[in-house]
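Residues per chain, in single letters:
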Amino acid sequence: MKKILILIILLLSNSGLFNVFSGNQRYPVIPKPVRLVEIDGEFVINKKTSVTIDDLSYQAVYVVNALNNAISETGGFELIKKQKTGRNCITIKKDPTIDHKEGYILTINKRGISIRYKNLHGAFNAVQTIRQLFPVVPAKGSISIPCVEIEDAPMLEYRGYMLDVARHFFPLSHLKKTIDMLAFYKINVFHIHLTDDQGWRIEIKKHPKLHEIAAWRSETQKGHRTDVPTTFDGIPHGGYYTQEELKELVSYAQERFIRVIPEIDIPGHTHAVLAAYPQYGCISDTSYTVSTKWGYHDDILCPTEETFSFLQDVFDEVMTIFPDKYIHIGGDEVQKRRWKESAFCQDMIKRLDLKDEKGLQSYFIHRIEEYLNAEGREIIGWDEILEGGLAPNATVMSWRGEKGGIEAAKSKHNVIMTPSAFMYLNFYNTPFKDKLEPLANTHVLPLEKVYNYSPFPKVLSDEEKKHIIGLQASLWTEYCKTIENAESLTYPRLCAMAEGAWTPIENKNYDDFYNRLIYNIKHLDRWGVGYSKLFLEHK
Ligand code: ACM
């Protein structure tokens, strides 16, 4: 019955009667704006509507292009670009009274639209809100949108999505489509997990075996990681992005005010590196292969000068592609067995007066941090980088719960929260799991649980909470053989994360979000995004 009701409502909303709705149906904006005043009536954007912006920079072009692309997609026409005021204008204007660099004030009345911004990123955010007020089906020649007044700004400065392209490789077109989705939901960071045991995905010109050898595995484990016996599909898998492609991705993201943060995971999760360059492992044999199995591995990088020199070459090239101040250096699940067995590592621990292998791990991360800091960059690492002492300027990405994030915030380090139980999108959407869903990680992470997560642990003082700079949903792709698999795990849970990172906690309400979502998500149909529809039946 509920399904039929939702269907009727969705059919009506597609029928041009959209504007008879009110509240969530009339303003299905995600993330929920900080302040929204409903106003009667509509503004009709048509072929005579003009747009003006009081800025001549390239970023102003991005804002106007975003608006025009959306209008041309929905209405099949473009705005007239001319200096004009009065009726039928969209006016985009700087307003120094706005506090937040991403904030905006959007006023839509029957005469036109006004966007006010502090920085152009705010104007771009306003354009995304406007897009979400558009009808979900193309409306040839004119687009009617509801009048409203919105004052808005994000709660967190880092609102992220991580995609693991190492376990399964995705084409550049999928990365761009993902960037489009992030923009739509005002997510401003794309964290791309480029390297792991099962594949290396970035061309490094000085060390070509990384893309010639480390980017390819002979086959892939079938079923769940823990399935016994372990079986394999016999199908080679791989791929990598050229530097040109990654630069293209960065530009594409910049045009949408999204930062791209690359992750080069070291010193663990490096089996693929060792397959290409075994000399950087602790055991000098040549039997390493790009891993075909999930989970972590004993073989990791050995902290020799040759390894550091190799990594500096890698990061030199990474920095020419990715301009963001952050470089993610991984640091997770560093198995210590090889370092324990290695006479070289044991001697190094003694020579450097380190406590143990954790101390050596900390030394490793410090060395890389020092190198990147000298180049003007900062590191992010998974919370294991706390072990043995945190590198002085590091930002911690807390994934094993909130513990690491709490410890880092207490020691005045910045933190991005992505606790697995709340933010790992590789978990099933519903408890019905494999009955309804393709293979995923065995845990379950319902939409409501993502939505209700607060990134500010209660044990932190107000001062310490200021170090929680971000929230991120992370998709590991062991079980995502296809784009459809990846998208059905990502959406709509990413929408819930987007609201959790943007909207002040006191303004959040799951039922209210859900009622907006059922309208909002329809936009994704047009773009062929394979979101999970299970939330329609299992709220
Ligand atoms: C992680 O999930 N190993 C960061």
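Numbers given to residues run from 1 along each chain, matching the order in which its sequence is written. This being a predicted model, a pLDDT of at least 70 is required before a residue's local features are given, and a value of 80 or more before pairs of side-chain atoms are given or counted; all residues contribute to the totals for chains, interfaces and linings. Computation of side-chain values covers all heavy atoms of the structure but excludes hydrogens and water.

## Structural notes on the overall build of the chain
Along the chain, the regular secondary structure elements total 21 helices and 21 strands. Radius of gyration (C-alpha) of the chain: 24 Å, near the 24 Å computed for a compact globule of 539 residues. Its C-alpha atoms give the chain principal-axis dimensions of about 75 × 50 × 45 Å. Burial classes: relative accessible area under 20% of the type maximum marks a residue as buried, over 50% as exposed, and values in between as partly exposed (1.4 Å probe, protein chains only). Of all 539 residues assigned to the chain, the portion counted as buried reaches 60%. In the form shown here, the chain has an accessible surface area of approximately 21200 Å², with 52% of it arising from carbon and sulfur atoms. A run of H or I in DSSP becomes a helix once it reaches four residues, and a run of E becomes a strand once it reaches two; helices and strands are each numbered from the N terminus. For this measure, only C-alpha atoms enter the radius of gyration; the expected value for a globule follows 2.2 Å times N^0.38, where N is the number of residues. Exposure was quantified through the Shrake-Rupley algorithm and a 1.4 Å probe, taking into account, for residues, occlusion by the shown protein chains and nothing else.

## A short note on the sheet that holds strand β3 (residues 80-81)
By the convention used here, strands pair only if DSSP detects at least 2 bridges between them. Spatial ordering of the open sheet is given by β1-β7-β5-β6-β4-β2-β3, a layout of 7 strands whose pairing is mixed. Every interior strand has two partners, whereas the edge strands, β1 (35-46) and β3, have only one. With 6 bridges joining them, strand β4 (residues 89-94) and strand β6 (residues 112-117) adopt parallel strand pairing. Bridging across to β6, Lys93 finds its partner in Arg116.

## So, unusual backbone geometry
Most peptide bonds are trans, and most residues other than glycine sit at a negative phi. Residues Ile30 and Pro31 are joined by a peptide bond in cis, for which omega reads 0°. Cis geometry is adopted by the peptide bond preceding Pro267, which originates at Ile266 and carries an omega value of -10°. Within the secondary structure layout, Pro267 lies in the loop between β14 (259-266) and α8 (271-276). Phi angles above zero are rare outside glycine, and Asp353 is one such case at about 55°. Relative to the assigned elements, Asp353 resides in the loop between α11 (343-351) and α12 (357-374). Residue Asp353 is classed as exposed on the basis of its relative accessible area, which comes to 69%. Phi angles above zero are rare outside glycine, and Lys412 is one such case at about 65°. Here Lys412 is to be found in the loop between α13 (403-410) and β18 (415-417). The exposed category is assigned to Lys412, whose relative accessible area is 67%.

## Description of the pattern of salt bridges
What counts as a salt bridge is simple: a side-chain nitrogen of Lys or Arg found within 4 Å of a carboxyl oxygen of Asp or Glu. One pass over the full model with this rule turns up 31 salt bridges. Connected via shared salt-bridge partners are Asp298, Asp299, Arg337, Arg338 and Glu341.

## Thoughts on the pairing of strand β16 (residues 378-382)
Within β16, 4 of the 5 residues are buried, which leaves it mostly tucked inside the rest of the structure. Pairing analysis gives 3 bridges linking strand β15 (residues 326-330) to β16, with the strands arranged parallel. Residue pairing in the sheet places Ile327 in a bridge with Ile379 of β16. Sheet topology places β16 next to strand β17 (residues 395-398); 3 bridges connect them, and they run parallel. The residue of β17 that forms the bridge with Trp382 is Met397.

## Quick look at the environment of Arg351
With respect to the secondary-structure elements, Arg351 resides in helix α11. On the accessibility criterion, Arg351 (53% relative accessible area) is exposed.

## Thoughts on helix α17 (residues 483-490)
Counting buried residues in α17 gives 6 out of 8 residues, a clear majority hidden from the surface. Turning to α17, its buried residues are Asn485, Ala486, Glu487, Ser488, Leu489 and Thr490. The contact definition used throughout considers only heavy atoms, calling two residues in contact when any of these lie within 4.5 Å. Elements that come into contact with the buried residues of α17 comprise β8 (158-164), α5 (172-184), β19 (427-428), β21 (468-475) and α18 (493-502).

## As for the confidence of the model for the chain
The quantity called pLDDT is the predictor's confidence in a given residue, expressed from 0 to 100. Of the residues in the chain, 95% have a pLDDT of 70 or more, and the chain-wide mean is 94. Here residues 5-20 scores under 50 on pLDDT; set against residues more than four positions off or in separate chains, the count is 24 contacts.

## Details of the side chain of Ser474
Assignment of secondary structure puts Ser474 in strand β21. Given the relative accessible area of 0%, Ser474 is considered buried. Of note is the side chain of Ser474, whose polar atom sits 3.0 Å from the side chain of Thr418. As used in this structure description, the phrase polar contact means that two N or O atoms lie within 3.5 Å; if the pair is within protein, one of them must be able to donate a hydrogen and the other to accept it, and residues adjacent in sequence are counted only when both atoms belong to side chains.

## Comments concerning the sheet that holds strand β9 (residues 189-193)
If you trace the 8 strands once around the closed barrel, you get β8-β9-β14-β15-β16-β17-β18-β21, paired in parallel fashion. Strand-to-strand twist in this sheet, taken as the mean axis angle between neighbours without regard to direction, amounts to 25°. As a rule, the C-alpha atoms of each element are fitted with a line to give its axis, helices using only the stretch in contact, and angles between N-to-C directions run from 0 to 180 degrees. Lying over the sheet, α13 contacts β17, β18 and β21, oriented at roughly 155° with respect to β17. Across the sheet, α18 lies against β8 and β21, angled at about 180° from β21, the strand it touches most.

## Digging into the packing of aromatic side chains
Pairing of aromatic side chains here covers Phe, Tyr and the six-membered ring of Trp, requires ring centres within 6.5 Å, and sorts the geometry by plane angle: under 30 degrees stacked, over 60 edge-to-face, intermediate tilted. Within the structure shown, the criterion is met by 23 aromatic pairs. Pairing Phe124 with Phe257 gives two aromatic rings, centres 5.0 Å apart and planes at 40°, and the pair type is tilted. Of the two residues, Phe124 is situated in helix α4 (residues 120-133) and Phe257 in the loop between α7 (243-254) and β14; the sequence distance between them amounts to 133 residues. A relative accessible area of 3% means that Phe124 is categorised as buried. Counting every residue linked through ring pairs, the aromatic cluster contains Trp382, Trp399, Tyr424, Phe427 and Trp476. Consider the ring centre and the ring normal. A charge sits over the ring if Lys NZ or Arg CZ is within 6 Å of that centre and within 35 degrees of that normal. The ring of Trp502 has Lys186 sitting right over it, with the charged end atom 5.6 Å from the ring centre. We note Lys325 situated over the ring of Tyr326; from NZ or CZ to the ring centre the distance is 5.0 Å.

## Quick notes on the packing of α5 against α7
Interhelical geometry of α5 versus α7 gives an angle of 15° and a closest axis separation of 10 Å. Our classification of the angle between α5 and α7 gives roughly parallel. Crossing of α5 against α7: the hand is right-handed. Across the interface between the two elements, Leu172, Leu175, Lys176, Ile179 and Asp180 from α5 touch Glu245, Glu248, Leu249, Tyr252 and Ala253 from α7. Charged residues are taken to be Asp, Glu, Lys and Arg, nonpolar residues to be Ala, Val, Leu, Ile, Met, Phe, Trp, Tyr, Cys and Pro, and polar residues to be all remaining types, Gly included. Considered class by class, the residues forming the contact of α5 with α7 number 6 nonpolar, no polar and 4 charged. In these notes the angle categories are as follows: under 35 degrees is roughly parallel, over 145 is roughly antiparallel, 65 to 115 is roughly perpendicular, and the rest is oblique. Should the near helix be turned anticlockwise from the far one by less than a right angle, the crossing is termed left-handed; should it be turned clockwise, right-handed.

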